[in-house]
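Chains, contacts and geometry: an overview
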Amino acid sequence: MKKRIIPIFVPHQGCPNDCIFCNQKKITGVSTTVTPEIVRNIIEECLPTIDEDAQVEIAFFGGSFTAIDIDIQRGLLSVAKEYKDKGIVKDIRMSTRPDCITDEILDMVKEYGTTIIELGVQSLDEKVLEDSIRGHNSSVVYKSAEMIKKHGINLGLQMMIGLPSDNEKKCIYTAKEFIKMNPFCVRIYPTLVIKETGLERRLEAGAYKPFSLEESINIVKKLLVLYYTNDINVIRVGLQATDDIQLGKDVIDGPYHPAFRELVESEMIKDYIIYVSNMNNEKNITIGVNKRNISKAIGNKKSNIKNLKTDKGISLKVKEESVEIETYNFYGEHGLIDSVSIDEMNKKLLEIYDL
């Protein structure tokens, strides 16, 4: 069944401090105070655009929802609950900080029909949290995650890569700790330098260097393999583009790309092609895939075809086949040399990446 989200942005309202990377007005594209009337208007505007057979979710994004005055929370949630009680909406989601969770809050939001809470964790490395001015340590994350699950609410976890003091090892550590918490879903955001943030000031002072796009791809591909092989649903990779969130506007620096996830997953396929080539001593590889996977196999702007030829001397061709979307067939000069599902590919990549 299709899932459709009605996003309602609550920009920075309630957030107890300014993290070094954050400018919520720029990130959400919204700067006004949200009221119950605004919530109702947004829902009513969105509903006619949604297919009747879709599962509808109302999601409160931006800021830290559970840090808002509790009466305001009740007011906003009461509108969402009306639509849930009528069967029009299936889920109510919110995002918040790990240090803004209490039993009282959880009892209240569940009373109003909340089904998913996402924690903006960012990292579980203490030095990264300190240098990012998060205002809490990692122990708060574990406690809040456990409390959310004990209240019967689905747990979402969000991580960022490339924050001050971050590196690949710390990113992988955070991902492995996320897996231990067994979340309902995960989001991965490469750190971007946004205007009017502490990161912008550090960048200008030469005290911070963002991860490059290539470096970010090479880290996130390992994170995805960890999550995929542990059946963790990764619902977003990369910050969603808005009119302002793009390089040259409010994004000053950092590994921004509008199709970041596809870049990462194309890189994963390229790595598996290299493995198949080496195992079969085959330099001419043709991949047969479902038509929906052709662009991913070829790579952005044919990057896999170009880079495999340049770097590894591998000649790659991609063809459409009548196969399941999960299936990849690999052919050499004399026929089929490998046939794998995406799950099988990810398990092998786990070994290749030595995770």
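Cut-offs applied
- Residues numbered from 1 in each chain as written.
- Predicted model: local features only at pLDDT ≥ 70, side-chain atom pairs only at ≥ 80, totals over all residues.
- Heavy atoms only, no water.
- pLDDT = per-residue confidence, 0-100.
- Contact = heavy atoms within 4.5 Å.
- Helix = DSSP H or I, 4+ residues; strand = E, 2+ residues; numbered from the N terminus.
- Buried < 20%, exposed > 50% of the residue type's maximum accessible area, 1.4 Å probe, protein only.
- Phe/Tyr/Trp six-rings, centres within 6.5 Å; stacked < 30°, edge-to-face > 60°.
- Lys NZ or Arg CZ within 6 Å of the ring centre and 35° of its normal.
- Axes fitted to C-alpha atoms, helices over the stretch in contact; angles between N-to-C directions.
- Parallel < 35°, antiparallel > 145°, perpendicular 65-115°, else oblique.
- Left-handed = near helix turned anticlockwise from the far one by under 90°.
- Salt bridge = Lys/Arg side-chain N within 4 Å of Asp/Glu carboxyl O.
- Pairing = 2+ DSSP bridges.

**Structural notes on the confidence of the model for the chain**
With 92% of its residues at a pLDDT of 70 or more, the chain has an overall mean of 92. This model gives residues 26-32 a pLDDT under 50, and the stretch forms 19 contacts once residues within four places in sequence are excluded.

**Quick notes on the side chain of His136**
For His136, the position within the fold is in the loop between helix H5 (126-131) and helix H6 (138-150). Look at His136 and you get buried, because its relative accessible area is 11%. Among residues more than four places away in sequence, those in contact with His136 are Arg97, Pro98, Asp99, Leu129 and Val141.

**Examining unusual backbone geometry**
The backbone of Glu196 sits at a positive phi, close to 60°, despite the residue not being glycine. Note that Glu196 resides in the loop between strand E7 (193-194) and helix H8 (198-204). Using a relative accessible area of 57% as the deciding quantity, one classes Glu196 as exposed. Of note in this structure, Asp354 is not a glycine but carries a positive phi near 55°. Secondary-structure assignment places Asp354 in the segment after helix H13 (342-352).

**Regarding the packing of aromatic side chains**
Across all of its chains, the model carries 4 aromatic pairs by this definition. The interplanar angle of 40° and the centroid separation of 6.2 Å between the aromatic rings of Phe9 and Phe61 together place this pair among those described as tilted. Of the two residues, Phe9 is situated in strand E1 (residues 3-9) and Phe61 in strand E2 (residues 55-61); the sequence distance between them amounts to 52 residues. Between Phe60 and Phe65 the ring centres are 4.9 Å apart and the planes differ by 40°, which places this aromatic pair in the tilted class. Across the pair, Phe65 and Phe60 agree in class, each one buried. Aromatic ring contacts, followed pair by pair, group Tyr272, Tyr275 and Phe330 into a single cluster. Taking NZ or CZ as reference, Lys86 lies 5.7 Å from the ring centre of Tyr83, over its face. Here the guanidinium or amino end of Lys319 rests over the ring plane of Tyr331, the centre of that ring lying 4.4 Å away.

**A word on the packing of helix H7 (residues 168-181) against helix H9 (residues 213-229)**
Each packed pair of helices is defined by two parameters, the angle between the axes and the distance between the axes. Interhelical geometry of H7 versus H9 gives an angle of 20° and a closest axis separation of 10 Å. On the basis of the axis angle, H7 is roughly parallel to H9. Here H7 runs over H9; the crossing is right-handed. Between H7 and H9, the residues in contact are Glu168, Cys171, Ile172, Ala175, Lys176, Phe178 and Ile179 and Ile219, Lys222, Leu223, Leu226 and Tyr227, respectively.

**A few points about the pattern of salt bridges**
Enumeration over the complete set of coordinates arrives at 22 salt bridges. Of the charged contacts, one joins Glu57 and Lys3 as a salt bridge, the two residues approaching to 3.0 Å between their closest N and O atoms. Within this pair, whereas Glu57 is found in strand E2, its partner Lys3 is found in strand E1, the two being separated by 54 residues in sequence. The exposure class of Glu57 is buried, given its relative accessible area of 0%. The class of Lys3 is partly exposed, set by a relative accessible area of 35%. A salt bridge links Asp125 to Lys170, with the nearest nitrogen and oxygen atoms 3.4 Å apart. With Asp125 in the loop between strand E4 (116-122) and H5 and Lys170 in helix H7, this pair connects stretches of sequence that are 45 residues apart.

**Some thoughts on the sheet that holds E4**
If you trace the 7 strands from one edge of the open sheet to the other, you get E1-E2-E3-E4-E5-E6-E8, paired in parallel fashion. In this open sheet, the two edge strands, each paired with only one partner strand, are E1 and strand E8 (234-237). Mean inter-strand twist for the sheet, computed between neighbouring axes without regard to direction, equals 20°. Here strand E6 (residues 185-190) runs beside E8; their pairing, made up of 3 bridges, is parallel.

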